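What follows is each chain in one-letter form.
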Amino acid sequence: MILATPTPRFLTSRLPPEEKEKSNKLKSIFNDLVARVAELDHAVALYGVSMKELDGLEIVRDEMGMPTQESMQRRSTLSGRYVTWGNMGARCGAMAVYSFYQILQAAGAIANKCPTIIQYQDHDIKRAATKLFDANFPNFAGVRYHAAHPGEPAAKGSDAHSINTGVNIEGVMDIASGVQVFMSGTMIDDHYTCTYEGNMISYHVHIATVNKLMDVLLEYFRSFEPLAAHHAALLDQEMQLRQQQAAPS
């Protein structure tokens, strides 16, 4: 269960007084990061269930083998509903990834104001987490732009976000050179696909994408392990001192 993901366990009580309030905010942000991964997971699940229900729609036929009017009407209503739900899930997932990035930036800004945290945080691992996010989600800002503002690109004029060169998406779609194409949240083989600043971009609405974001989260949390280990060592020292003081002389 994603929401049960353990967050960094350094001790606010062991930090200097001037850092305690900021460290409490940081711990709250850790929970927000976990929630964004869970949100992406739910969004992907909504898309998956909707597409499964869409694929499972059946047509009832009469004795002549012709589809009944009632069956066709029901199929039309339900297919529209499932497509809409699927698109909602895809858009929500795109915004969850963007929100994760924004929260990650906020976490870094707060941590930078806490000298003790910065001293013990593993900055190599932190940079690795940032690079992993960049590698796994290179187009997150553009995808989120279309997801959050589906009408704006068209309203402002599609030329700014069109492409007019030959492209290929995951081997799914080929577009000949010289053809101008504009897309805003088109689903192509489970990829939420857009044209943005002259490029065709997409993200895969799939559990694999959730796992990639979780990998970033865990790597980032791992950068705080040295601080948690430092606090654990302090507790051990205090425990040993109390035991020595309590021992009969």
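Residues numbered from 1 in each chain as written. Predicted model: local features only at pLDDT ≥ 70, side-chain atom pairs only at ≥ 80, totals over all residues. Heavy atoms only, no water.

**Student:** So what about the packing of aromatic side chains? Which residues, and what values?
**Tutor:** A full pass over the atoms with the stated rule returns 16 aromatic pairs. Judged by centre distance (6.0 Å) and plane angle (35°), the rings of Phe10 and Phe224 are tilted. Placement of the pair is Phe10 in the segment before helix H1 (17-55) and Phe224 in the loop between helix H7 (207-222) and helix H8 (225-246), with a sequence separation of 214 residues. Phe224 carries the same exposure label as Phe10, and that label is buried. A ring pair is formed by Tyr220 and Phe224, whose centres lie 5.3 Å apart and whose planes are at 85°; its orientation type is edge-to-face. Each of the two residues, Tyr220 as well as Phe224, counts as buried. Through a chain of ring-to-ring contacts, three or more aromatic side chains come together here, namely Tyr98, Phe100, Tyr101, Phe133, Phe137 and Phe140. Lys27 extends its terminal NZ or CZ atom over the ring of Phe10, reaching a point 4.9 Å from the ring centre. (Phe/Tyr/Trp six-rings, centres within 6.5 Å; stacked < 30°, edge-to-face > 60°. Helix = DSSP H or I, 4+ residues; strand = E, 2+ residues; numbered from the N terminus. Buried < 20%, exposed > 50% of the residue type's maximum accessible area, 1.4 Å probe, protein only. Lys NZ or Arg CZ within 6 Å of the ring centre and 35° of its normal.)

**Student:** How would you summarise a nonpolar patch on the surface if you had to cite specific residues and measurements?
**Tutor:** Taken together, the side chains of Leu46, Trp85 and Met88 present a nonpolar region at the surface, about 270 Å² in accessible area. Mapped onto the elements, Leu46 comes out in helix H1. For Leu46, a relative accessible area of 34% corresponds to the partly exposed category. (Patch = residues over 30% accessible without salt bridge, like charges linked within 9 Å, V, L, I, M, F, W, Y side chains within 5 Å. Areas by Shrake-Rupley, 256 points an atom, 1.4 Å probe, with all protein chains shown as cover. Salt bridge = Lys/Arg side-chain N within 4 Å of Asp/Glu carboxyl O.)

**Student:** Go over the pairing of strand S5 (residues 199-204), please, and point to the residues and values.
**Tutor:** Bridge count between strand S4 (residues 191-196) and S5: six bridges; the pairing is antiparallel. Pairing of Cys194 across the sheet is with Ile201, part of S5. Hairpin connection, S4 to S5: the antiparallel pair is bridged by two residues, and Glu197 has positive phi, about 50°. (Pairing = 2+ DSSP bridges.)

**Student:** Give me H7: which residues, what numbers.
**Tutor:** Taking 1.5 Å of rise per residue, the 16 residues of H7 would be expected to cover 22 Å, and the 22 Å separating its terminal C-alpha atoms lies within 8% of that figure. Every buried residue belonging to H7 is among Thr209, Val210, Leu213, Met214, Val216, Leu217, Glu219, Tyr220 and Phe221, and all of these are buried. (Expected span 1.5 Å × (residues − 1).)

**Student:** Lay out the pattern of salt bridges in plain terms, naming residues and giving numbers.
**Tutor:** What the rule picks out here adds up to three salt bridges. In this structure, Arg36 and Glu39 form a salt bridge, with 3.0 Å as the shortest nitrogen-oxygen distance. Linking Arg36 with Glu39, this pair stays in helix H1, spanning three residues, or about one helical turn. Note on Arg36: relative accessible area 18%, which makes it buried. Taking relative accessible area as the criterion, Glu39 reaches 24% and is therefore assigned partly exposed. Linking Arg127 and Asp124 is a salt bridge whose minimum nitrogen-to-oxygen distance equals 2.5 Å. Of this pair, Arg127 and Asp124 both sit in helix H4 (residues 123-136), separated by three residues, roughly a single helical turn. When its relative accessible area of 55% is taken as the criterion, Asp124 is described as exposed.

**Student:** Now, about unusual backbone geometry: what can you tell me, with residues and values included?
**Tutor:** You will see that Asp189, though not glycine, has its phi angle at about 50°, which is positive. Of note, Asp190 is a non-glycine position whose phi angle comes to about 65°, a positive value.

**Student:** How would you sum up the pairing of strand S3 (residues 184-188)? Please name residues and give values.
**Tutor:** Bridge count between S3 and S4: four bridges; the pairing is antiparallel. Looking across to S4, one finds that Ser184 is bridged to Cys194.

**Student:** Outline the sheet that holds S4, supporting the account with residue identities and numerical values.
**Tutor:** Overall, antiparallel pairing links the three strands, which are arranged S3-S4-S5 in an open sheet. What marks the edges here is a single partner per strand, and that holds for S3 and S5. Averaged over neighbouring strand pairs, the angle between their axes works out to 30° when direction is ignored. (Axes fitted to C-alpha atoms, helices over the stretch in contact; angles between N-to-C directions.)

**Student:** Go over the nonpolar core with me, naming the residues and quoting the values.
**Tutor:** Core analysis: the largest hydrophobic core is formed by 46 residues, its most contacted members being Leu26, Phe100, Ile117 and Tyr220. Of all the secondary structure elements, the ones that give two or more residues to this core are H1, helix H2 (69-111), H4, helix H5 (140-148), S4, S5 and H7. The element contributing the most residues to this core is H1, with 11 residues. Excluding its chain neighbours within four sequence positions, the residues that come into contact with Ile117 are Phe10, Leu15, Glu19, Ser23, Leu26, Ala111, Phe224 and Leu227. (Core = buried A, V, L, I, M, F, W, Y, C linked by side-chain atoms within 4.5 Å. Contact = heavy atoms within 4.5 Å.)

**Student:** Explain the packing of H2 against H5 to me, using residue names and the numbers behind them.
**Tutor:** In contact at an axis separation of 8 Å, H2 and H5 are set at 130° when each is read in the N-to-C sense. By the angle class used here, H2 and H5 are oblique. In this structure, the crossing between H2 and H5 has a hand that is left-handed. Here Arg91, Ala94, Met95, Val97, Tyr98 and Tyr101 of H2 lie close against H5, whose contacting residues are Phe140, Ala141, Val143, Arg144, Ala147 and Ala148. Partitioned by chemical class, the residues of the contact of H2 with H5 number 10 nonpolar, no polar and two charged. (Parallel < 35°, antiparallel > 145°, perpendicular 65-115°, else oblique. Left-handed = near helix turned anticlockwise from the far one by under 90°. Nonpolar A, V, L, I, M, F, W, Y, C, P; charged D, E, K, R; others polar.)

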